[in-house]
Amino acid sequence: MSNLKLKSDENLKVAQILIEKGYYNSSIHCSYYGCFQFMKSILCNNIKIDYEEQDNNNGKDSHDYIFRTLKNKITNRTVEKRFRDNFVSLKSKRKKADYLNELITQDESLIARQESETVIYSLKSVFNKSN
């Protein structure tokens with residue numbers, strides 16, 4: 001198992017703990033990065049784009065590059081839409097939690113946690129059923 005996969009698992013567990021403790025803003029960060037780390041792991045281990053290449057993508061936003069690369073590799077339109085919609089929504093919540101002068105609600109944090117799980121499930125269904 002890759003180190004990023006381990007970090008992903010840890011972040012998703014911590015997101016749940018933070019939600020249970022009422023730290024909704026911080027939980028969003030963990031839900032997002034748990035999902036994002038899993039995405040990077042899939043790119044490296046299943047699509048064979050190593051981490052260095054992922055991080056050095058000609059000056060483009062690495063988060064956008066990783067998202068678009070994975071999205072373009074999904075051939076099932078239903079899965080691609082589910083992946084896209086959930087990741088875009090999760091990323092929006094992460095921006096709100098990290099950068100805006102607004103607080104995240106309990107419902108938003110629970111939805112973000114579910115969105116991260118849906119993104120991961122979508123990727124597993126396409127790239128790696130055993131991961």
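What comes next is a walk through the structure.

Conventions used here
- Residues numbered from 1 in each chain as written.
- Predicted model: local features only at pLDDT ≥ 70, side-chain atom pairs only at ≥ 80, totals over all residues.
- Heavy atoms only, no water.
- Helix = DSSP H or I, 4+ residues; strand = E, 2+ residues; numbered from the N terminus.
- Buried < 20%, exposed > 50% of the residue type's maximum accessible area, 1.4 Å probe, protein only.
- Contact = heavy atoms within 4.5 Å.
- Expected span 1.5 Å × (residues − 1).
- Axes fitted to C-alpha atoms, helices over the stretch in contact; angles between N-to-C directions.
- Left-handed = near helix turned anticlockwise from the far one by under 90°.
- Nonpolar A, V, L, I, M, F, W, Y, C, P; charged D, E, K, R; others polar.
- Polar contact = N/O pair within 3.5 Å; in protein donor to acceptor, adjacent residues only side chain to side chain.

1. Side note on the environment of histidine 29
Residue position: histidine 29 is located in helix 2 (residues 24-45). For the pair formed by histidine 29 and lysine 95, sequence separation is 66 residues and the distance between their alpha carbons is 9.0 Å.

2. Quick look at the side chain of arginine 94
Topologically, arginine 94 is positioned in helix 5 (residues 77-99). Relative accessible area serves as the criterion here: at 6%, arginine 94 is assigned to the buried category. In this view, arginine 94 contacts Ile28, Tyr32, Tyr33 and Tyr99; residues no more than four positions away in its chain are not counted.

3. So, helix 2
With 22 residues, helix 2 extends 32 Å between its outermost C-alpha atoms, agreeing within 8% with the 32 Å of an ideal straight helix rising 1.5 Å per residue. Burial analysis of helix 2 places 16 of its 22 residues in the buried class, the great majority of the element.

4. Structural notes on the packing of helix 5 against helix 6 (residues 106-127)
The contact between helix 5 and helix 6 brings their axes to 9 Å, and the two run at 145°. The way helix 5 lies across helix 6 gives a crossing that is left-handed. In this structure, helix 5 uses Val79, Arg82, Phe83, Asn86, Phe87, Ser89, Leu90, Lys93 and Lys96 to contact helix 6, whose residues at the interface are Glu108, Ile111, Ala112, Glu115, Ser116, Thr118, Val119, Tyr121, Ser122, Leu123, Ser125 and Val126. Its residues assigned to classes, the contact of helix 5 with helix 6 shows ten nonpolar, six polar and five charged.

5. Looking at the side chain of glutamate 108
Looking at where glutamate 108 falls in the secondary structure, it is placed in helix 6. Reaching out from glutamate 108, the side chain makes a polar contact with the side chain of lysine 96 at a distance of 2.9 Å. Discounting chain neighbours no more than four positions away, the residues touching glutamate 108 are Ile28, Lys93, Lys96 and Leu103.

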